[in-house]
Amino acid sequence: MAMDTTALNCAGLSGAPGGVVEGRAEIFQMTQAAEEAVLRPRDCGPWSHELRAALAARIAVQNNERALAGQYLAGAGAYAPLAEPSHGGAAEGLEAVVAFMDKVATDTRNVAAADISNLQAAGIADADIVRLCELNAFLAYQIRVISGLRLMKRAYA
Amino acid sequence: MTKVITKFTRNVPHWQPRVKPVDLQAATDEQLDALKVTPSNTKVSEYVLTLAHDVESLKVRSPLFNGIMYDRGGMSRAERELGALGASMVNHCIYCAAVHAARHAQLEKSTDVTDKLFRDGARADLGRRDRAIFDFAVALSESPSRAGPEHMEALKAAGLDEAEVLDLILSSALFGWANRLMHVLGDPVRVPETAS
């Protein structure tokens, strides 16, 4: 059974995923549904689909997942420059958002209450802070699933 | 006064949000549906009410979480908890670490492994199988590129089959997600008994 999901595609397992992956088919389908919910929600608040795609591409680049980054970058529109981790978001007026996303993605353990209060001080509503966290958190999961599957595929070939 | 917990513990703390959770009285129909609020079930945690701000994500996340941690077959429930704990220790998510260390101890009917991990950290003296599981979860959580073929070889050598490894990947990765909500959006606290 072919399964067309981002995680399996990026791990090179979508064509003939084999027994153990098929045994968890529902998990991969729900993972794809989660991607829809955080990347392309109906109610996206102030974070457009293009901006979400750019931030997702940025996190993928930070984790050296180039294929995944390319997929998200294709939907990033005018926000595409944000996919480059050295770009701080000043041109888009998103410095606080970008700094927060970088810290949550790459230095999770050191995130503290001040990181949330800084966003609130920058005028970002609580609901929109939760939306940023869900996007970031999902990417952490998706990237680790892809990376792990790739290792598993080689080890158990 | 509440005290923020900074050390790992199996004594599950209270989770105190850093943002204002959704007010149940003002929740939309979609939020109430995602929260599974019914006239006979109106008790919803502050954590879930916080996540209800992004109701589309909440709706898909809960069944995915349950599937990864509880679906039949593959890796044992206790070992999935160990994967979750490895991620939570890397990300210093005190709340998640407490919940999943407590579940591990309950399932194993022993506090031995989690006592050692909380006392000695990543260098704890673990059995071969737990060592391989914990090391992989830690490496994948620190940075996906740190997990390498040597971790897979250790898992194979410890006797894990492919289905078990898949469940370990999923449970460890899932806590990359959960930790970035729990640890980022709130504080683990002890509420004095007199205040409750």
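Data block above holds the structure.
Below is a summary of the structure that appears in this document. (Residues numbered from 1 in each chain as written. Chains lettered and ligands numbered in written order. Predicted model: local features only at pLDDT ≥ 70, side-chain atom pairs only at ≥ 80, totals over all residues. Heavy atoms only, no water.)

## Looking at the overall build of chain A
Thought 1: Broken down by element type, chain A carries 8 helices and 0 strands.
Thought 2: Its helices and strands in sequence order give chain A the pattern α-α-α-α-α-α-α-α, from N to C terminus.
Thought 3: The C-alpha radius of gyration computed for chain A amounts to 16 Å, which stays within 12% of the reference 15 Å derived for 157 residues, consistent with globular compactness.
Thought 4: Overall size of chain A, expressed as C-alpha extent along the three principal axes, is 50 × 30 × 25 Å.
Thought 5: When each of the 157 residues of chain A is scored for burial, the buried share is 56%. (Helix = DSSP H or I, 4+ residues; strand = E, 2+ residues; numbered from the N terminus. Rg over C-alpha atoms; globule rule 2.2 N^0.38 Å. Buried < 20%, exposed > 50% of the residue type's maximum accessible area, 1.4 Å probe, protein only.)

## Details of the overall build of chain B
Thought 1: Scanning chain B from terminus to terminus reveals 9 helices and 3 strands.
Thought 2: Its helices and strands taken in sequence order, chain B reads β-β-α-α-α-α-α-α-α-α-α-β from the N to the C terminus.
Thought 3: For a compact globule of 196 residues, the expected C-alpha radius of gyration is about 16 Å, and chain B comes in at 18 Å, within 12% of that figure.
Thought 4: Among the 196 residues that make up chain B, the fraction classed as buried is 55%.
Thought 5: Of the contacts formed within chain B by residues at least 6 apart in sequence, a portion of 72% connects residues at least 24 apart.
Thought 6: Positive and negative charge centroids in chain B, built from 24 and 26 side chains respectively, lie 4 Å apart. (Contact = heavy atoms within 4.5 Å. Lys, Arg positive; Asp, Glu negative; His and termini not counted. Charge placed at Lys NZ, Arg CZ, Asp CG, Glu CD.)

## Brief notes about the environment of Met75 of chain B
Residues and elements named next belong to chain B.
Thought 1: You can see Met75 is positioned in the loop between helix 3 (55–70) and helix 4 (77–90).
Thought 2: Counting along the chain gives 73 residues from Met75 to Gly148, while the straight-line C-alpha distance between them is 20 Å.
Thought 3: Beyond its immediate stretch of four places on either side in the chain, Met75 contacts Arg80, Ile133, Leu160, Ala163, Glu164, Asp167 and Leu168.

## Quick notes on the sheet that holds strand 2 (residues 14–17) of chain B
Residues and elements named next belong to chain B.
Thought 1: Taking strand neighbours across the sheet as the criterion, the 3 strands line up as 1-3-2 in an open arrangement whose pairing is antiparallel. Two strands bound the open sheet, and with one partner strand each, they are strand 1 (3–4) and strand 2.
Thought 2: Pairing geometry for strand 2 and strand 3 (residues 186–190), over 4 bridges, is antiparallel. For Pro17, the partnering residue across the bridge sits in strand 3 and is Gly186. (Pairing = 2+ DSSP bridges.)

## Some details on the interface of chain B and chain A
Thought 1: Tallying the contact residues gives 56 residues for chain B and 48 residues for chain A.
Thought 2: Taken together, both faces of the contact between chain B and chain A bury some 4400 Å²; the carbon and sulfur share is 66%.
Thought 3: The largest per-residue losses of area from chain B upon contact with chain A belong to Glu56, Glu162 and Arg180 of chain B, which jointly make up 16% of the total buried on that side.
Thought 4: In this structure, the connection of chain B to chain A is made through 2 salt bridges.
Thought 5: For the salt bridge of Glu30 of chain B with Arg42 of chain A, the shortest nitrogen-to-oxygen distance reads 2.9 Å. (Buried area = accessible area lost by both parts, 1.4 Å probe. Salt bridge = Lys/Arg side-chain N within 4 Å of Asp/Glu carboxyl O.)

## What to know about the packing of helix 7 (residues 128–142) of chain B against helix 8 (residues 149–157) of chain B
Residues and elements named next belong to chain B.
Thought 1: Remark: helix 7 packs on helix 8, axes separated minimally by 9 Å, with the N-to-C direction vectors making an angle of 155°. Here helix 8 runs roughly antiparallel to helix 7, going by the angle between their axes. In the packing of helix 7 onto helix 8, the handedness of the crossing is left-handed. Taken together, the residues of helix 8 that come into contact with helix 7 (itself represented by Arg128, Ala132, Ile133, Asp135, Phe136 and Ala139) are His151, Met152, Ala154, Leu155 and Ala157.
Thought 2: Among the residues making up the contact of helix 7 with helix 8, the classes are represented as 8 nonpolar, 1 polar and 2 charged. (Axes fitted to C-alpha atoms, helices over the stretch in contact; angles between N-to-C directions. Parallel < 35°, antiparallel > 145°, perpendicular 65-115°, else oblique. Left-handed = near helix turned anticlockwise from the far one by under 90°. Nonpolar A, V, L, I, M, F, W, Y, C, P; charged D, E, K, R; others polar.)

## A closer look at the side chain of Glu134 of chain A
Thought 1: Mapped onto the secondary structure, Glu134 of chain A falls in helix 8 (residues 126–155).
Thought 2: For the buried Glu134 of chain A, no salt bridge exists, and the shortest N-O distance to an oppositely charged side chain is 5.1 Å, to Arg61 of chain B.
Thought 3: Contact partners of Glu134 of chain A, with chain neighbours within four places excluded, come to Val38 of chain A together with Leu51, Asp54, Ser57, Arg61, Trp177 and Leu181 of chain B.

## Topic: the side chain of Thr9 of chain B
Residue and element names in this part refer to chain B.
Thought 1: For Thr9, the location among the structural elements is in the loop between strand 1 and strand 2.
Thought 2: Engagement of the side chain of Thr9 in a polar contact is seen with the backbone nitrogen of Asn11, the distance being 2.9 Å.
Thought 3: Filtering out sequence-adjacent residues up to four positions away, Thr9 remains in contact with Ala97, Ala98, Phe118 and Arg190. (Polar contact = N/O pair within 3.5 Å; in protein donor to acceptor, adjacent residues only side chain to side chain.)

## Side note on the nonpolar core
Most often, soluble globular proteins keep nonpolar side chains buried together rather than apart.
Thought 1: Counting residues in hydrophobic clusters, the biggest one holds 120 residues, and the most contacted among them are Leu139 and Tyr141 of chain A together with Met152 and Leu185 of chain B.
Thought 2: Broken down by element, this core gets its largest block of residues, 16 residues, from helix 8 of chain A.
Thought 3: Those residues within four positions of Leu185 of chain B in sequence are excluded, and the remaining contacts are Ile116, Ile129, Val130 and Cys133 of chain A together with Trp15, Gln16, Pro17, Arg18, Val19, Thr50 and Leu51 of chain B. (Core = buried A, V, L, I, M, F, W, Y, C linked by side-chain atoms within 4.5 Å.)

## Regarding the environment of Trp15 of chain B
All names here are of chain B.
Thought 1: Within the secondary structure, Trp15 is located in strand 2.
Thought 2: Judged by relative accessible area, which is 5%, Trp15 ranks as buried.
Thought 3: It is 23 Å that separates the C-alpha atoms of Trp15 and Ile68, two residues lying 53 residues apart in sequence.
Thought 4: In this structure Trp15 touches Glu46, Tyr47, Thr50, Tyr95, Leu181, Met182, Leu185, Gly186 and Asp187, once residues within four positions along its chain are discounted.
Thought 5: A polar atom in the side chain of Trp15 sits 2.9 Å from the backbone oxygen of Met182.

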